[in-house]
Amino acid sequence: MMVPLKTSLICMALVGAAGTVSAQIKVENAWVRTTVANQQATGAFMKITSAEAVKLTAVSTAVAGVNEVHEMKMEGDVMKMRALPKGLDIPTNTTVELKSGGYHLMMMALKQRINSGEAVPIELQFTNAKGQKQTVLVNAKASFNSPYKP
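Keep in mind it's a predicted model, so treat the numbers as computed, not measured.

## Digging into unusual backbone geometry
Now for step 1: At Asn29, a residue that is not glycine, the phi angle is positive and equals roughly 55°.
Now for step 2: Relative to the elements of secondary structure, Asn29 occurs in strand β1 (residues 25-33).
Now for step 3: A relative accessible area of 30% places Asn29 in the partly exposed class.
Now for step 4: Of note, Asn93 is a non-glycine position whose phi angle comes to about 50°, a positive value.

## Digging into the nonpolar core
Now for step 1: Counting 29 residues, the largest nonpolar core has Leu56, Leu105, Met107, Ile122, Leu124 and Phe126 as its most contacted members.
Now for step 2: Excluding residues within four positions of it along the chain, Met107 makes contact with Val32, Gln40, Ala41, Thr42, Ala44, Thr61, Val63, Ala64, Val66, Asn67, Ile114 and Val120.

## What about the side chain of Thr49?
Now for step 1: Take Thr49: it is sitting in strand β2 (residues 41-50).
Now for step 2: The buried category is assigned to Thr49, whose relative accessible area is 15%.
Now for step 3: In terms of polar contacts, Thr49 uses its side chain to reach the side chain of Thr95, at 2.7 Å.
Now for step 4: For Thr49, the residues in contact, after removing those within four places along its chain, are Gln24, Ile25, Lys26, Asn93, Thr94 and Thr95.

## Topic: the pairing of strand β8 (residues 103-110)
On any regular strand, side chains alternate: one points to one face of the sheet, the next to the other face.
Now for step 1: Bridge analysis of β2 against β8 gives 4 bridges, and the strand direction is antiparallel. Paired with Gly43 across the strands is Met106, a residue of β8.
Now for step 2: Bridge analysis of strand β4 (residues 64-75) against β8 gives 7 bridges, and the strand direction is antiparallel. Its bridge partner being in β8, Val66 is matched across the sheet by Met108.

## Some points on the packing of aromatic side chains
Now for step 1: Following the criterion strictly, the structure yields 1 aromatic pair and no others.
Now for step 2: Centroid distance Trp31 to Phe45: 4.7 Å. Interplanar angle 35°. Geometry classified as tilted. In this pair, Trp31 sits in strand β1 while Phe45 sits in strand β2, placing the two residues 14 residues apart along the sequence. We note that Trp31, like Phe45, is buried.

## So, the confidence of the model for the protein chain
Now for step 1: Across the protein chain, the average pLDDT comes to 86, with 84% of residues at or above 70.
Now for step 2: Ignoring residues within four places in sequence, the model shows residues 1-23, a span with pLDDT below 50, making 3 contacts including any to other chains.

## Overview of the side chain of Thr61
Now for step 1: Secondary-structure assignment places Thr61 in the loop between β3 (54-60) and β4.
Now for step 2: Polar side-chain contacts of Thr61 include one of 2.7 Å to the backbone oxygen of Pro121.
Now for step 3: Residues in contact with Thr61, not counting those within four places in the same chain, are Asn67, Met107, Val120, Pro121 and Ile122.

What counts and what doesn't
Residues numbered from 1 in each chain as written. Predicted model: local features only at pLDDT ≥ 70, side-chain atom pairs only at ≥ 80, totals over all residues. Heavy atoms only, no water. Helix = DSSP H or I, 4+ residues; strand = E, 2+ residues; numbered from the N terminus. Buried < 20%, exposed > 50% of the residue type's maximum accessible area, 1.4 Å probe, protein only. Core = buried A, V, L, I, M, F, W, Y, C linked by side-chain atoms within 4.5 Å. Contact = heavy atoms within 4.5 Å. Polar contact = N/O pair within 3.5 Å; in protein donor to acceptor, adjacent residues only side chain to side chain. Pairing = 2+ DSSP bridges. Phe/Tyr/Trp six-rings, centres within 6.5 Å; stacked < 30°, edge-to-face > 60°. pLDDT = per-residue confidence, 0-100.

Here it is as structure tokens:
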């Protein structure tokens with residue numbers, strides 16, 4: 001069956017546009033800390049860079065019932081962790097690292113144990129200044145410590 005030229009051109013334009021949009025946000029070194037039996041929470045970590053200023057506004061994964069963007073920071077002599085309900089700013093062309101002791105993703109009400117070597121699919125929702133949303137899917141490596149450290 002022969003596909004009309006107009007249909008082919010429209011399909012190529014859509015594929016090209018999708019490639020451009022997804023290339024604007026880069027997620028690297030995504031990993032999730034492994035868990036033990038009956039553990040109810042864990043963290044996910046990664047490096048995020050965007051060609052335009054965006055905000056990480058939501059996170060979801062099928063392995064957890066509750067997923068939040070979090071921050072850990074010192075307040076006086078006490079380390080405190082809190083959710084960032086308004087999201088995390090990712091400035092233009094600046095790599096923001098989500099790591100232990102800083103910004104990270106909290107995965108709570110775990111539905112299963114996370115074993116070393118598994119890939120954990122995570123969906124990240126970003127919003128730009130115009131209110132446009134973009135979803136980035138990552139497969140985070142499960143490990144007790146970062147698999148990306150030398």
